[in-house]
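Each chain is listed here by its residues.
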Amino acid sequence: MGRLVVVSNRVPTPTPGTPPAGGLAVALAGAMQERGGIWFGWSGRTLPATSAAQEEPEMVEQGRVTYALVDLTERDLNDYYAGFSNRMLWPLLHYRMDLADFTRVALAGYYRVNQLFARLLAPKVEPDDLIWVHDYHLIPMGGELRAKGLTNRLGFFLHIPFPPPDILTVLPNHADIVRGLAAYDVVGFQTPSDVENFETYIRREKVGHRLSDGRFVVHGRAIKVGAYPVGIETKAFTEAAEHAAKNPLVKRMKESLLGRQLIIGVDRLDYSKGIAERIQAYETFLTLDEEWRGRCTYLQVTPKSREDVPEYAAMEREVAELAGRVNGAHSDLDWTPIRYVNRTVGRNALAGLYRLARVGLVTPLRDGMNLVAKEYVAAQDPADPGVLLLSRFAGAAHELDIGALLTNPYDVDGTAGALARALEMPLDERVDRWRRMYDRISKFDVTDWRKAFIGALEEPERTTPKIAAV
Ligand code: ADP
(Lines give C-alpha, C1' and ligand atoms only; values in the text may rest on other atoms or scores of the structure.)
Protein backbone atom coordinates (compact mmCIF):
# COMPACT_ATOMS: atom_id res chain seq x y z
CA MET A 1 0.00 0.00 0.00
CA GLY A 2 1.42 3.36 -1.04
CA ARG A 3 1.66 6.31 1.29
CA LEU A 4 -0.84 9.15 1.24
CA VAL A 5 0.42 12.59 0.28
CA VAL A 6 -2.05 15.34 1.12
CA VAL A 7 -1.58 18.79 -0.35
CA SER A 8 -3.58 21.71 0.99
CA ASN A 9 -3.13 25.45 1.13
CA ARG A 10 -2.69 25.44 4.86
CA VAL A 11 -1.12 22.63 6.81
CA PRO A 12 -2.46 22.44 10.35
CA THR A 13 0.79 23.01 12.22
CA PRO A 14 1.50 19.95 14.31
CA THR A 15 1.90 20.63 18.00
CA PRO A 16 3.47 17.61 19.66
CA GLY A 17 1.00 15.82 21.89
CA THR A 18 -2.12 17.64 20.72
CA PRO A 19 -4.42 16.27 18.03
CA PRO A 20 -5.06 18.51 15.03
CA ALA A 21 -8.18 20.65 15.34
CA GLY A 22 -11.17 20.08 13.07
CA GLY A 23 -12.80 16.90 11.81
CA LEU A 24 -11.26 17.11 8.38
CA ALA A 25 -7.73 17.46 9.69
CA VAL A 26 -8.33 14.55 12.07
CA ALA A 27 -9.65 12.32 9.29
CA LEU A 28 -6.81 13.13 6.89
CA ALA A 29 -4.11 12.84 9.53
CA GLY A 30 -5.68 9.50 10.56
CA ALA A 31 -5.31 8.14 7.02
CA MET A 32 -1.70 9.32 6.87
CA GLN A 33 -0.91 7.73 10.23
CA GLU A 34 -2.31 4.40 9.00
CA ARG A 35 -0.35 4.20 5.80
CA GLY A 36 2.42 6.73 6.31
CA GLY A 37 2.42 9.97 4.44
CA ILE A 38 3.24 13.59 3.90
CA TRP A 39 1.07 16.63 4.53
CA PHE A 40 2.39 19.34 2.27
CA GLY A 41 1.46 23.03 2.06
CA TRP A 42 1.85 26.53 3.38
CA SER A 43 3.27 26.80 6.90
CA GLY A 44 1.23 29.88 7.78
CA ARG A 45 4.47 31.87 7.95
CA THR A 46 5.21 34.86 5.77
CA LEU A 47 8.58 35.91 4.36
CA PRO A 48 9.29 39.54 3.44
CA ALA A 49 8.19 40.45 -0.10
CA THR A 50 11.77 40.70 -1.35
CA SER A 51 12.89 37.26 -0.09
CA ALA A 52 13.71 34.50 -2.53
CA ALA A 53 11.30 31.56 -2.64
CA GLN A 54 12.10 28.71 -0.28
CA GLU A 55 14.21 25.92 -1.80
CA GLU A 56 13.32 23.17 0.65
CA PRO A 57 10.22 22.68 2.79
CA GLU A 58 10.66 22.36 6.52
CA MET A 59 10.07 18.69 7.34
CA VAL A 60 8.48 17.95 10.74
CA GLU A 61 7.91 14.30 11.59
CA GLN A 62 5.16 13.14 13.88
CA GLY A 63 4.61 9.38 14.04
CA ARG A 64 4.22 8.16 10.46
CA VAL A 65 3.27 11.58 9.13
CA THR A 66 5.76 14.09 7.83
CA TYR A 67 4.54 17.67 7.68
CA ALA A 68 6.26 19.50 4.82
CA LEU A 69 5.89 23.21 5.46
CA VAL A 70 6.57 25.93 2.92
CA ASP A 71 6.88 29.61 3.89
CA LEU A 72 5.52 32.04 1.32
CA THR A 73 6.61 35.59 0.58
CA GLU A 74 4.22 38.44 1.21
CA ARG A 75 4.00 39.04 -2.52
CA ASP A 76 3.16 35.40 -3.30
CA LEU A 77 0.54 35.30 -0.60
CA ASN A 78 -0.97 38.53 -1.73
CA ASP A 79 -1.31 37.39 -5.34
CA TYR A 80 -2.01 33.68 -4.94
CA TYR A 81 -4.02 33.61 -1.72
CA ALA A 82 -5.66 36.96 -0.98
CA GLY A 83 -5.75 37.77 -4.71
CA PHE A 84 -6.61 35.03 -7.16
CA SER A 85 -7.89 32.43 -4.68
CA ASN A 86 -9.96 34.64 -2.42
CA ARG A 87 -10.91 37.60 -4.62
CA MET A 88 -11.52 35.72 -7.86
CA LEU A 89 -12.14 32.01 -7.40
CA TRP A 90 -13.94 32.16 -4.05
CA PRO A 91 -16.59 34.71 -5.08
CA LEU A 92 -17.00 33.31 -8.59
CA LEU A 93 -17.37 29.70 -7.47
CA HIS A 94 -19.93 30.93 -4.94
CA TYR A 95 -21.92 32.45 -7.82
CA ARG A 96 -20.85 36.04 -6.98
CA MET A 97 -19.74 37.39 -10.34
CA ASP A 98 -20.35 40.88 -8.96
CA LEU A 99 -17.60 40.48 -6.35
CA ALA A 100 -15.03 38.67 -8.50
CA ASP A 101 -11.88 40.66 -9.13
CA PHE A 102 -9.61 39.35 -11.84
CA THR A 103 -6.08 40.60 -12.42
CA ARG A 104 -3.26 39.08 -14.46
CA VAL A 105 -0.89 39.86 -11.59
CA ALA A 106 -2.91 37.75 -9.16
CA LEU A 107 -3.31 34.99 -11.75
CA ALA A 108 0.46 34.88 -12.31
CA GLY A 109 0.95 34.57 -8.54
CA TYR A 110 -1.52 31.69 -8.45
CA TYR A 111 0.44 29.71 -11.01
CA ARG A 112 3.76 30.77 -9.47
CA VAL A 113 2.85 29.31 -6.08
CA ASN A 114 1.38 26.15 -7.61
CA GLN A 115 4.61 25.69 -9.56
CA LEU A 116 6.69 26.33 -6.45
CA PHE A 117 4.67 23.75 -4.52
CA ALA A 118 5.06 21.18 -7.32
CA ARG A 119 8.80 21.83 -7.54
CA LEU A 120 9.26 21.35 -3.78
CA LEU A 121 6.94 18.38 -3.49
CA ALA A 122 7.97 16.31 -6.53
CA PRO A 123 11.35 15.12 -5.13
CA LYS A 124 9.63 13.90 -1.94
CA VAL A 125 7.15 11.66 -3.75
CA GLU A 126 7.69 7.90 -4.10
CA PRO A 127 6.37 6.03 -7.15
CA ASP A 128 3.41 4.31 -5.44
CA ASP A 129 2.29 7.26 -3.30
CA LEU A 130 -1.31 8.42 -3.67
CA ILE A 131 -1.50 12.19 -3.96
CA TRP A 132 -4.63 14.01 -2.82
CA VAL A 133 -4.81 17.75 -3.53
CA HIS A 134 -7.40 19.90 -1.75
CA ASP A 135 -9.43 22.85 -2.85
CA TYR A 136 -9.54 25.84 -5.14
CA HIS A 137 -6.15 27.29 -4.18
CA LEU A 138 -4.39 24.36 -5.78
CA ILE A 139 -6.28 23.30 -8.90
CA PRO A 140 -3.17 23.53 -11.17
CA MET A 141 -1.03 21.38 -8.83
CA GLY A 142 -1.94 18.16 -10.64
CA GLY A 143 -0.85 19.49 -14.02
CA GLU A 144 2.34 20.94 -12.55
CA LEU A 145 3.20 17.58 -10.97
CA ARG A 146 2.51 15.78 -14.25
CA ALA A 147 4.83 18.26 -15.97
CA LYS A 148 7.55 17.07 -13.59
CA GLY A 149 7.02 13.53 -14.88
CA LEU A 150 4.95 12.13 -12.00
CA THR A 151 2.72 9.21 -12.98
CA ASN A 152 1.24 8.66 -9.51
CA ARG A 153 -2.49 8.38 -8.90
CA LEU A 154 -3.59 11.97 -8.38
CA GLY A 155 -6.84 13.07 -6.80
CA PHE A 156 -8.41 16.48 -6.35
CA PHE A 157 -11.29 17.46 -4.09
CA LEU A 158 -13.10 20.77 -4.42
CA HIS A 159 -14.57 21.81 -1.06
CA ILE A 160 -16.54 24.70 -2.54
CA PRO A 161 -19.20 24.72 -5.27
CA PHE A 162 -18.53 24.18 -8.98
CA PRO A 163 -20.86 26.68 -10.65
CA PRO A 164 -22.77 26.35 -13.94
CA PRO A 165 -20.80 27.17 -17.12
CA ASP A 166 -22.40 30.59 -17.64
CA ILE A 167 -20.80 31.62 -14.36
CA LEU A 168 -17.52 29.74 -14.66
CA THR A 169 -16.82 31.20 -18.09
CA VAL A 170 -16.69 34.67 -16.50
CA LEU A 171 -13.24 33.55 -15.41
CA PRO A 172 -10.96 34.63 -18.25
CA ASN A 173 -8.75 31.55 -17.79
CA HIS A 174 -11.55 29.04 -17.22
CA ALA A 175 -10.19 26.81 -19.98
CA ASP A 176 -6.81 26.46 -18.22
CA ILE A 177 -8.49 25.78 -14.90
CA VAL A 178 -10.54 22.93 -16.35
CA ARG A 179 -7.51 21.64 -18.23
CA GLY A 180 -5.81 21.56 -14.82
CA LEU A 181 -8.59 19.34 -13.46
CA ALA A 182 -8.08 16.91 -16.35
CA ALA A 183 -4.57 16.12 -15.05
CA TYR A 184 -6.03 14.23 -12.06
CA ASP A 185 -7.32 10.66 -12.00
CA VAL A 186 -10.17 11.42 -9.62
CA VAL A 187 -11.96 14.75 -9.26
CA GLY A 188 -14.36 14.93 -6.34
CA PHE A 189 -17.11 17.47 -5.80
CA GLN A 190 -19.43 17.93 -2.84
CA THR A 191 -22.76 17.28 -4.54
CA PRO A 192 -24.35 15.79 -7.65
CA SER A 193 -25.23 19.35 -8.77
CA ASP A 194 -21.55 20.23 -8.93
CA VAL A 195 -20.89 17.12 -11.01
CA GLU A 196 -23.77 18.08 -13.30
CA ASN A 197 -22.33 21.59 -13.73
CA PHE A 198 -18.96 20.11 -14.61
CA GLU A 199 -20.53 17.80 -17.15
CA THR A 200 -22.48 20.64 -18.75
CA TYR A 201 -19.31 22.71 -18.95
CA ILE A 202 -17.20 20.08 -20.71
CA ARG A 203 -20.01 19.34 -23.15
CA ARG A 204 -20.70 22.96 -23.99
CA GLU A 205 -17.06 23.93 -24.27
CA LYS A 206 -16.43 20.78 -26.32
CA VAL A 207 -13.55 19.59 -24.18
CA GLY A 208 -14.97 16.23 -23.15
CA HIS A 209 -17.92 13.95 -22.48
CA ARG A 210 -19.16 11.30 -20.09
CA LEU A 211 -18.44 7.65 -20.97
CA SER A 212 -21.06 4.94 -20.66
CA ASP A 213 -19.17 3.48 -17.66
CA GLY A 214 -19.63 6.75 -15.74
CA ARG A 215 -16.11 8.14 -16.18
CA PHE A 216 -15.45 11.38 -18.01
CA VAL A 217 -13.06 12.04 -20.85
CA VAL A 218 -11.66 15.56 -20.46
CA HIS A 219 -8.98 16.90 -22.77
CA GLY A 220 -8.36 13.33 -23.88
CA ARG A 221 -7.83 11.83 -20.40
CA ALA A 222 -10.32 9.41 -18.82
CA ILE A 223 -10.96 10.51 -15.24
CA LYS A 224 -13.39 9.67 -12.48
CA VAL A 225 -15.64 12.53 -11.44
CA GLY A 226 -18.04 12.07 -8.57
CA ALA A 227 -19.88 13.53 -5.61
CA TYR A 228 -18.22 12.82 -2.26
CA PRO A 229 -20.12 14.91 0.29
CA VAL A 230 -17.81 15.72 3.17
CA GLY A 231 -18.97 14.74 6.65
CA ILE A 232 -18.10 15.55 10.25
CA GLU A 233 -16.85 13.45 13.14
CA THR A 234 -20.42 12.70 14.10
CA LYS A 235 -19.82 10.44 17.08
CA ALA A 236 -17.23 12.69 18.69
CA PHE A 237 -19.43 15.73 18.19
CA THR A 238 -22.45 14.01 19.73
CA GLU A 239 -20.37 12.97 22.73
CA ALA A 240 -19.06 16.51 23.14
CA ALA A 241 -22.64 17.80 23.12
CA GLU A 242 -23.76 15.21 25.68
CA HIS A 243 -21.10 16.38 28.10
CA ALA A 244 -21.35 20.08 27.39
CA ALA A 245 -24.00 20.94 29.97
CA LYS A 246 -21.15 21.22 32.48
CA ASN A 247 -19.19 23.63 30.31
CA PRO A 248 -19.05 27.05 32.04
CA LEU A 249 -19.82 29.01 28.87
CA VAL A 250 -22.80 26.80 28.05
CA LYS A 251 -24.07 27.07 31.64
CA ARG A 252 -23.82 30.84 31.54
CA MET A 253 -25.59 30.96 28.22
CA LYS A 254 -28.40 28.74 29.46
CA GLU A 255 -28.92 30.82 32.59
CA SER A 256 -28.93 34.03 30.61
CA LEU A 257 -31.77 32.80 28.41
CA LEU A 258 -34.27 32.88 31.30
CA GLY A 259 -36.32 30.18 29.61
CA ARG A 260 -36.44 31.87 26.20
CA GLN A 261 -36.05 29.74 23.08
CA LEU A 262 -32.60 29.98 21.54
CA ILE A 263 -32.07 30.39 17.80
CA ILE A 264 -28.45 29.93 16.75
CA GLY A 265 -26.34 30.90 13.76
CA VAL A 266 -22.64 29.99 13.58
CA ASP A 267 -20.66 31.14 10.56
CA ARG A 268 -17.40 32.74 9.58
CA LEU A 269 -18.07 36.31 8.57
CA ASP A 270 -18.36 35.68 4.84
CA TYR A 271 -20.74 37.09 2.23
CA SER A 272 -21.58 33.55 1.08
CA LYS A 273 -23.22 32.81 4.43
CA GLY A 274 -26.23 35.11 3.97
CA ILE A 275 -25.93 36.62 7.45
CA ALA A 276 -27.50 39.97 6.51
CA GLU A 277 -30.47 38.26 4.81
CA ARG A 278 -30.85 36.06 7.87
CA ILE A 279 -30.99 39.03 10.23
CA GLN A 280 -33.56 40.64 7.95
CA ALA A 281 -35.62 37.45 8.03
CA TYR A 282 -35.45 37.41 11.82
CA GLU A 283 -36.60 41.02 11.95
CA THR A 284 -39.52 40.23 9.63
CA PHE A 285 -40.40 37.28 11.83
CA LEU A 286 -40.42 39.53 14.94
CA THR A 287 -42.66 41.99 13.14
CA LEU A 288 -45.12 39.39 11.86
CA ASP A 289 -45.18 37.11 14.90
CA GLU A 290 -45.43 39.56 17.74
CA GLU A 291 -46.12 36.86 20.31
CA TRP A 292 -42.50 35.72 19.90
CA ARG A 293 -41.11 39.10 20.93
CA GLY A 294 -39.37 38.66 24.25
CA ARG A 295 -39.72 34.88 24.04
CA CYS A 296 -36.75 34.05 21.84
CA THR A 297 -33.11 35.05 21.53
CA TYR A 298 -31.06 34.82 18.36
CA LEU A 299 -27.37 34.18 18.95
CA GLN A 300 -25.13 34.75 15.92
CA VAL A 301 -21.55 33.64 16.60
CA THR A 302 -19.40 34.99 13.82
CA PRO A 303 -15.62 35.18 13.90
CA LYS A 304 -14.15 37.67 11.46
CA SER A 305 -12.31 36.17 8.53
CA ARG A 306 -10.11 37.25 5.61
CA GLU A 307 -9.83 40.77 6.97
CA ASP A 308 -7.17 41.59 4.36
CA VAL A 309 -9.75 41.23 1.58
CA PRO A 310 -11.71 44.50 1.12
CA GLU A 311 -15.11 42.87 0.44
CA TYR A 312 -14.97 41.33 3.92
CA ALA A 313 -14.41 44.66 5.67
CA ALA A 314 -17.42 46.07 3.81
CA MET A 315 -19.70 43.23 4.82
CA GLU A 316 -18.47 43.34 8.40
CA ARG A 317 -19.74 46.92 8.61
CA GLU A 318 -23.01 45.98 6.93
CA VAL A 319 -23.79 43.10 9.28
CA ALA A 320 -22.75 44.96 12.43
CA GLU A 321 -24.91 47.95 11.46
CA LEU A 322 -27.87 45.78 10.63
CA ALA A 323 -27.68 43.83 13.91
CA GLY A 324 -27.37 47.14 15.77
CA ARG A 325 -30.34 48.65 13.97
CA VAL A 326 -32.58 45.63 14.59
CA ASN A 327 -31.65 45.62 18.25
CA GLY A 328 -32.23 49.38 18.51
CA ALA A 329 -35.64 49.07 16.91
CA HIS A 330 -36.94 45.96 18.71
CA SER A 331 -35.16 45.60 22.06
CA ASP A 332 -36.95 46.07 25.32
CA LEU A 333 -35.37 47.13 28.60
CA ASP A 334 -34.95 43.49 29.58
CA TRP A 335 -34.68 41.81 26.19
CA THR A 336 -32.22 42.01 23.30
CA PRO A 337 -33.41 40.16 20.19
CA ILE A 338 -29.97 39.51 18.66
CA ARG A 339 -26.71 38.69 20.35
CA TYR A 340 -24.09 39.26 17.69
CA VAL A 341 -20.69 37.98 18.77
CA ASN A 342 -17.45 38.19 16.75
CA ARG A 343 -15.48 35.38 18.31
CA THR A 344 -14.73 31.71 18.06
CA VAL A 345 -15.76 29.26 20.73
CA GLY A 346 -14.14 25.93 21.54
CA ARG A 347 -15.62 22.80 20.03
CA ASN A 348 -17.10 21.50 23.29
CA ALA A 349 -18.82 24.78 24.08
CA LEU A 350 -20.02 25.04 20.50
CA ALA A 351 -21.56 21.57 20.70
CA GLY A 352 -23.31 22.61 23.92
CA LEU A 353 -24.65 25.83 22.39
CA TYR A 354 -26.07 23.92 19.42
CA ARG A 355 -27.79 21.55 21.82
CA LEU A 356 -29.36 24.43 23.73
CA ALA A 357 -30.82 25.90 20.55
CA ARG A 358 -34.35 25.08 19.42
CA VAL A 359 -33.52 26.28 15.92
CA GLY A 360 -30.28 26.06 13.93
CA LEU A 361 -30.28 28.79 11.29
CA VAL A 362 -28.03 27.73 8.44
CA THR A 363 -28.98 29.91 5.51
CA PRO A 364 -26.02 30.49 3.19
CA LEU A 365 -26.67 32.06 -0.20
CA ARG A 366 -24.34 29.38 -1.55
CA ASP A 367 -22.12 26.85 0.21
CA GLY A 368 -20.11 23.85 -0.97
CA MET A 369 -21.33 21.74 1.94
CA ASN A 370 -21.74 23.63 5.27
CA LEU A 371 -20.50 21.61 8.18
CA VAL A 372 -22.34 23.71 10.75
CA ALA A 373 -25.61 22.13 9.52
CA LYS A 374 -24.25 18.65 10.26
CA GLU A 375 -22.74 19.70 13.59
CA TYR A 376 -26.07 21.17 14.69
CA VAL A 377 -27.82 17.88 13.95
CA ALA A 378 -25.09 15.83 15.66
CA ALA A 379 -25.38 17.90 18.83
CA GLN A 380 -29.13 17.55 19.45
CA ASP A 381 -30.76 15.81 22.38
CA PRO A 382 -32.65 12.83 20.85
CA ALA A 383 -35.49 13.29 23.35
CA ASP A 384 -35.99 16.97 22.55
CA PRO A 385 -34.18 17.87 19.35
CA GLY A 386 -34.14 21.26 17.69
CA VAL A 387 -35.10 22.08 14.11
CA LEU A 388 -32.57 22.70 11.34
CA LEU A 389 -33.60 25.56 9.07
CA LEU A 390 -31.39 25.01 6.05
CA SER A 391 -30.78 26.91 2.85
CA ARG A 392 -31.57 24.93 -0.26
CA PHE A 393 -28.32 26.38 -1.64
CA ALA A 394 -26.07 24.67 0.91
CA GLY A 395 -24.48 21.46 -0.34
CA ALA A 396 -25.73 19.84 2.88
CA ALA A 397 -29.31 20.21 1.61
CA HIS A 398 -28.66 17.32 -0.80
CA GLU A 399 -28.40 15.02 2.20
CA LEU A 400 -30.37 16.76 4.95
CA ASP A 401 -33.49 17.63 2.96
CA ILE A 402 -34.90 14.44 4.53
CA GLY A 403 -35.43 16.27 7.81
CA ALA A 404 -34.50 19.94 7.62
CA LEU A 405 -36.92 22.74 6.88
CA LEU A 406 -35.52 23.97 3.58
CA THR A 407 -35.56 27.64 2.82
CA ASN A 408 -34.58 30.05 0.05
CA PRO A 409 -32.43 32.67 1.80
CA TYR A 410 -33.18 35.28 -0.89
CA ASP A 411 -36.84 35.01 0.13
CA VAL A 412 -36.72 36.94 3.39
CA ASP A 413 -40.48 36.62 4.07
CA GLY A 414 -40.38 32.88 3.34
CA THR A 415 -37.46 32.39 5.72
CA ALA A 416 -39.31 34.41 8.39
CA GLY A 417 -42.32 32.11 7.98
CA ALA A 418 -40.12 29.00 8.17
CA LEU A 419 -38.56 30.33 11.38
CA ALA A 420 -41.99 30.64 12.99
CA ARG A 421 -42.84 27.12 11.83
CA ALA A 422 -39.57 25.79 13.28
CA LEU A 423 -40.18 27.42 16.66
CA GLU A 424 -43.70 26.07 16.83
CA MET A 425 -43.00 22.57 15.54
CA PRO A 426 -44.45 19.84 17.80
CA LEU A 427 -42.09 17.43 19.54
CA ASP A 428 -43.05 14.33 17.54
CA GLU A 429 -42.34 16.05 14.23
CA ARG A 430 -39.04 17.41 15.53
CA VAL A 431 -37.97 13.93 16.65
CA ASP A 432 -39.01 12.35 13.38
CA ARG A 433 -37.17 14.90 11.24
CA TRP A 434 -34.07 14.91 13.41
CA ARG A 435 -33.81 11.11 13.46
CA ARG A 436 -33.71 10.89 9.68
CA MET A 437 -30.94 13.47 9.47
CA TYR A 438 -28.98 11.91 12.32
CA ASP A 439 -29.18 8.55 10.65
CA ARG A 440 -27.61 9.97 7.52
CA ILE A 441 -24.73 11.75 9.27
CA SER A 442 -24.00 8.70 11.43
CA LYS A 443 -23.91 6.36 8.46
CA PHE A 444 -21.67 8.67 6.51
CA ASP A 445 -19.17 10.65 8.55
CA VAL A 446 -15.86 12.28 7.71
CA THR A 447 -13.97 8.98 7.94
CA ASP A 448 -16.36 7.34 5.45
CA TRP A 449 -15.87 10.34 3.17
CA ARG A 450 -12.11 10.02 3.28
CA LYS A 451 -12.30 6.25 2.71
CA ALA A 452 -14.66 6.68 -0.24
CA PHE A 453 -12.36 9.17 -1.92
CA ILE A 454 -9.16 7.25 -1.25
CA GLY A 455 -10.91 4.06 -2.38
CA ALA A 456 -11.71 5.67 -5.71
CA LEU A 457 -8.17 6.94 -6.00
CA GLU A 458 -6.69 3.53 -5.24
CA GLU A 459 -8.78 1.47 -7.58
CA PRO A 460 -8.31 2.53 -11.16
CA GLU A 461 -10.87 0.00 -12.32
CA ARG A 462 -13.79 1.13 -10.16
CA THR A 463 -15.87 3.60 -12.07
CA THR A 464 -18.64 4.74 -9.76
CA PRO A 465 -17.98 6.29 -6.37
CA LYS A 466 -19.35 4.26 -3.47
CA ILE A 467 -21.44 7.09 -2.16
CA ALA A 468 -22.89 8.54 -5.30
CA ALA A 469 -26.40 7.90 -3.94
CA VAL A 470 -27.10 11.16 -2.11
P1 ADP B 1 -16.66 27.30 6.01
O2 ADP B 1 -15.68 26.18 5.77
O3 ADP B 1 -17.06 28.04 4.76
O4 ADP B 1 -16.24 28.24 7.09
P5 ADP B 1 -18.39 25.25 7.20
O6 ADP B 1 -19.74 25.41 7.84
O7 ADP B 1 -18.30 24.13 6.25
O8 ADP B 1 -18.02 26.65 6.53
O9 ADP B 1 -17.29 25.01 8.32
C10 ADP B 1 -17.09 25.94 9.32
C11 ADP B 1 -16.39 25.29 10.51
O12 ADP B 1 -15.92 26.33 11.36
C13 ADP B 1 -17.33 24.42 11.33
O14 ADP B 1 -16.65 23.28 11.76
C15 ADP B 1 -17.70 25.32 12.50
O16 ADP B 1 -17.93 24.63 13.71
C17 ADP B 1 -16.48 26.20 12.65
N18 ADP B 1 -16.88 27.52 13.17
C19 ADP B 1 -17.58 28.47 12.54
N20 ADP B 1 -17.80 29.52 13.36
C21 ADP B 1 -17.23 29.21 14.54
C22 ADP B 1 -17.12 29.88 15.79
N23 ADP B 1 -17.65 31.07 16.00
N24 ADP B 1 -16.44 29.24 16.77
C25 ADP B 1 -15.91 28.02 16.57
N26 ADP B 1 -16.00 27.35 15.43
C27 ADP B 1 -16.64 27.92 14.41
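The rules we used
Residues numbered from 1 in each chain as written. Predicted model: local features only at pLDDT ≥ 70, side-chain atom pairs only at ≥ 80, totals over all residues. Helix = DSSP H or I, 4+ residues; strand = E, 2+ residues; numbered from the N terminus. Rg over C-alpha atoms; globule rule 2.2 N^0.38 Å. Buried ≥ 20, exposed ≤ 12 C-beta atoms within 10 Å, placed from the backbone. Contact = placed C-beta atoms within 7 Å. Near = placed C-beta within 6 Å. Nonpolar A, V, L, I, M, F, W, Y, C, P; charged D, E, K, R; others polar. Domains from an automatic or database assignment. Core = buried A, V, L, I, M, F, W, Y, C linked by C-beta atoms within 7 Å. Pairing = 2+ DSSP bridges.

### Let's talk about the overall build of the chain
1) Next: Along the chain, the regular secondary structure elements total 17 helices and 16 strands.
2) Next: Its C-alpha radius of gyration of 23 Å places the chain within 12% of the 23 Å reference for a compact globule of 470 residues.
3) Next: Put simply, the chain has 470 residues, and 49% of those count as buried.
4) Next: Of all intrachain contacts in the chain linking residues separated by at least 6 positions in sequence, the fraction that spans at least 24 positions is 77%.

### Remarks on unusual backbone geometry
1) Next: A positive phi angle, near 45°, is found at H219, a position not held by glycine.
2) Next: By secondary structure assignment, the location of H219 is in the loop between β9 (216-218) and β10 (221-227).
3) Next: One non-glycine residue, L258, adopts positive backbone phi at about 50°.
4) Next: Structurally, L258 is set in the loop between α9 (248-257) and β11 (261-266).
5) Next: The exposure class of L258 is exposed, given the 10 C-beta atoms found within 10 Å.

### Quick word on the site of the ligand
1) Next: The full set close to the ligand counts 13 residues, and R268, V301, T344, L371 and V372 are the nearest of them.
2) Next: Considering each element in turn, the shell around the ligand owes the most residues, 3 residues, to helix α13 (residues 371-378).
3) Next: Classifying every residue of the shell around the ligand by side-chain character gives 8 nonpolar, 2 polar and 3 charged.

### Considerations on the domain arrangement of the chain
1) Next: Domain annotation of the chain identifies domain 1 (4-231 + 449-457) and domain 2 (234-443).
2) Next: Domain 1 and domain 2 are separated by 31 Å when their C-alpha centres are compared.
3) Next: Across the contact, 16 residues belong to domain 1 and 15 residues belong to domain 2.
4) Next: A per-element tally of the side of domain 1 that touches domain 2 places helix α2 (residues 74-93) first, with 3 residues.
5) Next: The residue inventory of the side of domain 1 that touches domain 2, partitioned by class, reads 8 nonpolar, 6 polar and 2 charged.

### Topic: the nonpolar core
1) Next: Formed by 141 residues in total, the largest nonpolar core has its most connected members in V7, A373, L388, L389 and L390.
2) Next: Per-element accounting of this core gives the leading share, 9 residues, to α2.
3) Next: Residue assignment places this core across two domains, with domain 1 (4-231 + 449-457) and domain 2 (234-443) each supplying three or more.
4) Next: In this view, L390 contacts V362, A373, A396, A397, L400, A404, L405, L406 and T407; residues no more than four positions away in its chain are not counted.

### Digging into the pairing of strand β1 (residues 4-10)
1) Next: Counting buried positions along β1 yields 5 of 7 residues, so the element is predominantly enclosed.
2) Next: Across 4 bridges, the pairing between β1 and strand β5 (residues 130-134) is parallel. Note that in β5 the partner of V7 across the bridge is V133.
3) Next: Sheet topology note: the β1/strand β2 (residues 37-47) ladder contains 6 bridges and is parallel. Within β2, the position partnered with V7 by the bridge is F40.

### Concerning the environment of V372
1) Next: Looking at the secondary structure, you find V372 in helix α13.
2) Next: For V372, a count of 27 C-beta atoms within 10 Å translates into the label buried.
3) Next: Between the C-alpha atoms of V372 and Q62, which are 310 residues apart in sequence, the distance is 30 Å.

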